[in-house]
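Here is what each chain is made of, one letter per residue.
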Amino acid sequence: MKNLISIFAASILLTSCTILKNGISYAGEEGIFAKHYNQYPTEYRKVAYGEPNFELGIEFRPHKNGRIRGIRIKNPQTGNLRLSLWDADEKKLLNTYTYNNGDPRKYNFGYFQIPVQANKTYCLTINVREYYYHVLTFDKLALTLPEITLNSSVYAEGIYQRFPEFRVDNVIHGLMDLDFEWEVK
């Protein structure tokens, strides 16, 4: 009986962990930002004729080294969207990715392998002409979890890739979510 319990406990641990180069990583909870703010109604905005696009998304700060293994986006604009990962401390573009947004009614998932460093602030943004958002009537950002803090919602106006210089704490722009894997030493 004791051996059976040990095998069962080991199988649970192995299915919820991933081996990384420098140790073991616990898989992040799927859709944690989306689940937390799911209580708020989804609002919609389309940029009026003559107005510029919006570069919008989230600013976050991991508390552990690891990687972004997936990104979820719910956006009314279908097709390929440009994702930008920014170093928010340096206000510098780190990388650009293409994300195929297939179904505008749900969170679409894309697999990525983006390394992140502990205690460094990042922004993840998309450049769009229309987007969904939540107005946080009862909560304010920052949302702090053991592994990560969602600092704020960020945005800037412009057709071209641009650092999101404006921050708000009572709106979630763009409905983005991240799945992480953390390095455990």
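Let us look at the structure shown here. Everything numeric in this text was worked out from a predicted model, so none of it was measured. (Residues numbered from 1 in each chain as written. Predicted model: local features only at pLDDT ≥ 70, side-chain atom pairs only at ≥ 80, totals over all residues. Heavy atoms only, no water.)

Examining the sheet that holds strand 15 (residues 176-182)
To be explicit about the condition: Note on pairing: DSSP must find at least two bridges between two strands before they are called paired. Secondary structure elements follow DSSP: runs of H or I of four or more residues count as helices, runs of E of two or more count as strands, with numbering from the N terminus. Angles here are taken between N-to-C directions and fall from 0 to 180 degrees, while the axes themselves are lines fitted to C-alpha atoms, restricted in helices to the stretch in contact.
An order of 8-5-15 is seen for the three strands of this open sheet, with the pairing classed as antiparallel. Sheet topology places strand 8 (108-116) and strand 15 at the edges, where each strand pairs with a single neighbour. Between one strand axis and the next, the sheet turns through 25 degrees on average, direction left out of account. The pairing of strand 5 (residues 66-73) with strand 15 spans seven bridges and is antiparallel. Paired with R72 across the strands is D177, a residue of strand 15.

Re the pairing of strand 5
The condition is simple: Categorising residues by exposure relies on relative accessible area from a 1.4 Å probe, with only protein chains included: less than 20% of the type maximum marks a residue as buried, more than 50% marks it as exposed, and the intermediate range marks it as partly exposed.
Counting buried residues in strand 5 gives seven out of eight residues, a clear majority hidden from the surface. As judged from the seven bridges shared by strand 5 and strand 8, these two strands associate in the antiparallel manner. Within strand 8, the residue paired with G70 across the bridge is Y111.

Nothing here speaks to function; it is geometry throughout.
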